[in-house]
Amino acid sequence: MNGKKGSIVIKIDDRPENGKKDSGDVVGESPARKWIRDVWQFAKEDMNRITFSLKVGLAVLLVSLLILIRAPYEVFGTSIIWSTLTVAIMFEYTVGATFNRGFNRALGSLLAGIFAVTVMQVAMACGQIAEPYIIALSIFFVGAITSFMKLYPSLVPYEYGFRVILFSYCLIIISGYRMGNPIRTAMDRMYSIAIGGIVTVLVNSLVFPIWAGEQLHLELVGSFNAVADSLEECVKKYLADDGSSHPEFSKTVMDDFADEPAFHKCRATLNSSAKFEAVANSAKWEPPHGRFRHFFYPWSEYVKVGAVLRHCAYEVMALHGCLHSEIQAPYNLRCAFQPEILDATNQAAELLRSLGKDINNMKRSLQTNLLKRVHSSTERLQRSIDMHSYLLTSSHEIQDCPPKLPISQPSNTITCTSKDSLSQVEESGSNNEKPNSDDTKPVQGDSYHETMRKQQRRLYSWPSREVDDYEDGDVDTDVLQKMRTFESTTALSLATFTSLLIEFVVRLDHLVDATDLLAKMAKFKEDY
């Protein structure tokens, strides 16, 4: 026992248990062991990474046997090394990306071979003196043209094909010039590349295939759930935050909120635009498979739905900005609109999860009832704001209108405030009952609402300077007006939060339409 009499000081050892640090690192762990643990954790996040690595090793082994075994090597010769290079270049993570890369590889090699043979024939016909100049000039033009064309916007998806044309053309024409047989050199390159491409496609498609379409499908469903979780997480924390544990602004600007896991998933959704487009482009090259059994599947619609969903996620991130802003609305004012805000949030999150579930199950169901409930809850929130708009205006208007009583008891802070206000009213009333002399005037006690207003302004003012202190003294009117403006700004931050929530609900209408269009074009099973 230390300090005052009767007080107990409890010392809590904040050292990590079991010899571990807070970050999960083991004390005294060697760098090699830590690296192995990190690699294992990375592999556990997605087991397809291990599958992909083993498949690449298998494909490289198969084409290498053509060199390691004498009989195939005598047939194909040293040109078979191009098969190994083709496997290393073509093998992508998903089947669709491999087909796309293989198409660019095959078409680029074919065009490069045709151009090289044609130029070599023309150069040889012009004589030995002009032959090297023609070859050098052709290399310059092919390099310049292919490098320019791969930058053209509509040809960006075929950038790898132009790169293949460039290096294949240079290798074929230079080796053909020295060996004296360009046609034979081009043919050796072509069948070696064909062997490597066939092995790559067969291994990637038949041995535990990783489909880009399935990944895009699951990624979109996960984005729906991430936005819904982040919305609920943000609103609940906003309504529960009484300002006692509000972090410093210098820390919040780092966007590292360890206690908000859904926030990081929502932020990842905002950065998924390039990923969605890349995976959708790869999925277009895949044949019908799994649950996607018809040709010309509308993968582009997945990208459009993801774009609309990101616009909804922008509003959620804006709500997080209000949550972590420096200017905060009073806690009791937030609690006054708590039922309406929570109802609108829960209905919107339920609609998001329902849309994601329909896409995951590939079912088309009408969301009319859920959408009506979302609109109804949002209208109640809007009406509540309209009816009690005086709470969101300047302080001189608040004293004329009684504040809206919260449905549930917000916290002990508000209770204490009410008790303090009542005690002040009783004290002022008792002072009025005392007899006064003829030379003195009776002291008039403040009204209940006036006392409440002063107490709230003392406890929840921003900046943390009591406005009533200025009112009692001889202070410039302009300074007092500025302080009242600061108080009004804190209340308007709640109006900003609610308007962002309403805007989020409005954008849900566009999301429902985009999801319904995807269900129609993808021929989802109707479930009415």
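What counts and how
- Residues numbered from 1 in each chain as written.
- Predicted model: local features only at pLDDT ≥ 70, side-chain atom pairs only at ≥ 80, totals over all residues.
- Heavy atoms only, no water.
- Helix = DSSP H or I, 4+ residues; strand = E, 2+ residues; numbered from the N terminus.
- Buried < 20%, exposed > 50% of the residue type's maximum accessible area, 1.4 Å probe, protein only.
- Contact = heavy atoms within 4.5 Å.
- Areas by Shrake-Rupley, 256 points an atom, 1.4 Å probe, with all protein chains shown as cover.
- Core = buried A, V, L, I, M, F, W, Y, C linked by side-chain atoms within 4.5 Å.
- Salt bridge = Lys/Arg side-chain N within 4 Å of Asp/Glu carboxyl O.
- pLDDT = per-residue confidence, 0-100.
- UniProt positions renumbered as here; feature names shortened; annotations may be inferred.
- Phe/Tyr/Trp six-rings, centres within 6.5 Å; stacked < 30°, edge-to-face > 60°.
- Lys NZ or Arg CZ within 6 Å of the ring centre and 35° of its normal.
- Axes fitted to C-alpha atoms, helices over the stretch in contact; angles between N-to-C directions.
- Parallel < 35°, antiparallel > 145°, perpendicular 65-115°, else oblique.
- Left-handed = near helix turned anticlockwise from the far one by under 90°.
- Nonpolar A, V, L, I, M, F, W, Y, C, P; charged D, E, K, R; others polar.
- Patch = residues over 30% accessible without salt bridge, like charges linked within 9 Å, V, L, I, M, F, W, Y side chains within 5 Å.

**Considerations on the overall build of the chain**
Line of reasoning, step 1. A tally of helices and strands in the chain yields 21 helices and two strands.
Line of reasoning, step 2. Relative to its full complement of 528 residues, the chain shows a buried share of 40%.
Line of reasoning, step 3. Look at the contacts in the chain between residues 6 or more apart in sequence, and 77% of them connect residues 24 or more apart.
Line of reasoning, step 4. Summed over all atoms, the accessible surface of the chain reaches about 30200 Å², with 60% contributed by carbon and sulfur.

**Details of the nonpolar core**
Line of reasoning, step 1. With 65 residues, the main nonpolar core has F224, Y302, I341, L352, F504, L508 and L511 as its most contacted residues.
Line of reasoning, step 2. In terms of residues, this core owes the most to one element, helix α21 (residues 477-521), which gives 14 residues.
Line of reasoning, step 3. If we skip the residues at most four places from it in the chain, L511 touches F224, V305, V308, L309, C312, L352 and L355.
Line of reasoning, step 4. In terms of nonpolar packing, the next biggest core, distinct from the first, is built from twelve residues, V119, M120, V142 and A186 among them.

**Things to note about the pattern of salt bridges**
Line of reasoning, step 1. With the rule as written, the count across this model stands at 16 salt bridges.
Line of reasoning, step 2. In this structure, R49 engages E45 in a salt bridge whose closest nitrogen and oxygen atoms are separated by 3.6 Å.
Line of reasoning, step 3. Classification of E45 by relative accessible area gives exposed; the value is 56%.

**Some words on the confidence of the model for the chain**
Line of reasoning, step 1. For the chain, per-residue confidence averages 76 on the pLDDT scale, and 71% of positions sit at 70 or higher.
Line of reasoning, step 2. For residues 394-445, every residue scores under 50 in pLDDT, and the model assigns this stretch 53 contacts once sequence neighbours within four places are set aside.
Line of reasoning, step 3. Confidence drops under a pLDDT of 50 for residues 455-473, and excluding neighbours within four residues, the segment shows 43 contacts in the predicted structure.

**Quick look at the UniProt feature "transmembrane region" (unreviewed entry) in the chain**
Line of reasoning, step 1. Following the UniProt record, the feature "transmembrane region" (unreviewed entry) maps to residues 50-68, 75-94, 106-126, 133-154, 160-179 and 191-212 here.
Line of reasoning, step 2. Here residues 106-126 runs as 95% helix and 0% strand, with 31 Å between its end C-alpha atoms.

**With respect to the packing of aromatic side chains**
Line of reasoning, step 1. If you walk through the whole model with that rule in mind, you get ten aromatic pairs.
Line of reasoning, step 2. Among the aromatic side chains, those forming a connected cluster through ring pairs are F292, Y297, W299 and Y302.
Line of reasoning, step 3. Just above the ring of Y160 sits the side chain of R101; from NZ or CZ to the centre is 4.2 Å.

**Points about the packing of helix α9 (residues 212-240) against helix α13 (residues 299-323)**
Line of reasoning, step 1. As a packed pair, α9 and α13 sit with axes 10 Å apart at the nearest point and diverge in direction by 20°. With respect to their mutual orientation, α9 and α13 come out roughly parallel. Note on packing geometry: the crossing formed by α9 with α13 is left-handed.
Line of reasoning, step 2. Its residues assigned to classes, the contact of α9 with α13 shows 16 nonpolar, six polar and two charged.

**Considering a nonpolar patch on the surface**
Line of reasoning, step 1. Together, L58, L61, L62, L65, L68 and I69 line one region of the surface with nonpolar side chains, adding up to about 520 Å² of accessible area.
Line of reasoning, step 2. As for its placement among the helices and strands, L61 is situated in helix α2 (residues 48-68).
Line of reasoning, step 3. A relative accessible area of 45% places L61 in the partly exposed class.

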